[in-house]
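Survey of secondary and tertiary structure
So you can see what is in the structure, the chains are spelled out below.
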Amino acid sequence: TRYDEFIREAAQLYQLPEALLRAVIRQESDFNPYSVSSSGAIGLMQLLPSTAMSMTVTDPFDPRQNILGGARYLRVLANSFNGDIVLTVAAYNAGGGAVIRYGAVPPYEETQHYVRQVLRYYYEYRGSPPPQRP
């Protein structure tokens with residue numbers, strides 16, 4: 001609940017489900033605003049410095065800026081993939097170019113695991129079971 005206010009603000013501003021933002025934050029940093037990955041991604045939503053800059057984030061360690069920047073980036077990706085949550089989440093992890101190149105979730109083990117985890121958390125936060133596969 002520590003970041004609820006920022007998550008709510010970002011979800012409203014960028015028209016994204018709060019549950020999706022929470023799921024991405026949980027998978028990316030487990031809600032640690034000081035997290036830094038081996039690839040240099042920073043903060044709650046693990047923004048690369050170039051992504052942070054392009055999303056007008058001046059301090060990626062600032063929880064509010066990081067959440068707003070990550071949500072803005074998710075909105076850009078969602079717009080690129082017609083709102084498809086699976087492709088949007090895959091692109092957040094692997095990059096939009098990889099998703100476009102494969103026309104689906106890229107066949108990278110890390111990305112496939114990432115998508116499964118984020119979706120699992122997403123449905124958990126929504127309080128609803130995931131849709132059944134046909």
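This report concerns the structure included in the present document. Predicted model, so just to flag it, every value in this text is computed and none were measured.

**So, a nonpolar patch on the surface**
- Among the surface-exposed residues, Tyr34, Val36 and Phe61 lie close enough to one another that they form a single nonpolar patch of about 320 Å² accessible area.
- Here Val36 lies in the loop between α2 (18-29) and α3 (49-54).

**Quick look at the side chain of Ser29**
- Relative to the helices and strands, Ser29 is located in helix α2.
- Residues contacting Ser29, with those up to four places away along its chain left out, are Ser35, Gly43 and Leu44.

**Observations regarding the packing of helix α1 (residues 4-14) against helix α4 (residues 63-80)**
- Close contact between α1 and α4 brings their axes to 9 Å; oriented N to C, the two are set at 30°. As the angle between them shows, α1 and α4 are arranged roughly parallel. The two elements α1 and α4 cross, and the hand of that crossing is right-handed. Contacts from Phe6, Ile7, Glu9, Ala10, Leu13 and Tyr14 of α1 reach α4 at Pro63, Arg64, Ile67, Leu68, Ala71, Arg72 and Arg75.
- Of the residues contributing to the contact of α1 with α4, the split by class is nine nonpolar, no polar and four charged.

How each quantity is defined
- Residues numbered from 1 in each chain as written.
- Predicted model: local features only at pLDDT ≥ 70, side-chain atom pairs only at ≥ 80, totals over all residues.
- Heavy atoms only, no water.
- Patch = residues over 30% accessible without salt bridge, like charges linked within 9 Å, V, L, I, M, F, W, Y side chains within 5 Å.
- Areas by Shrake-Rupley, 256 points an atom, 1.4 Å probe, with all protein chains shown as cover.
- Salt bridge = Lys/Arg side-chain N within 4 Å of Asp/Glu carboxyl O.
- Helix = DSSP H or I, 4+ residues; strand = E, 2+ residues; numbered from the N terminus.
- Contact = heavy atoms within 4.5 Å.
- Axes fitted to C-alpha atoms, helices over the stretch in contact; angles between N-to-C directions.
- Parallel < 35°, antiparallel > 145°, perpendicular 65-115°, else oblique.
- Left-handed = near helix turned anticlockwise from the far one by under 90°.
- Nonpolar A, V, L, I, M, F, W, Y, C, P; charged D, E, K, R; others polar.

Structural measurements only, silent on function.
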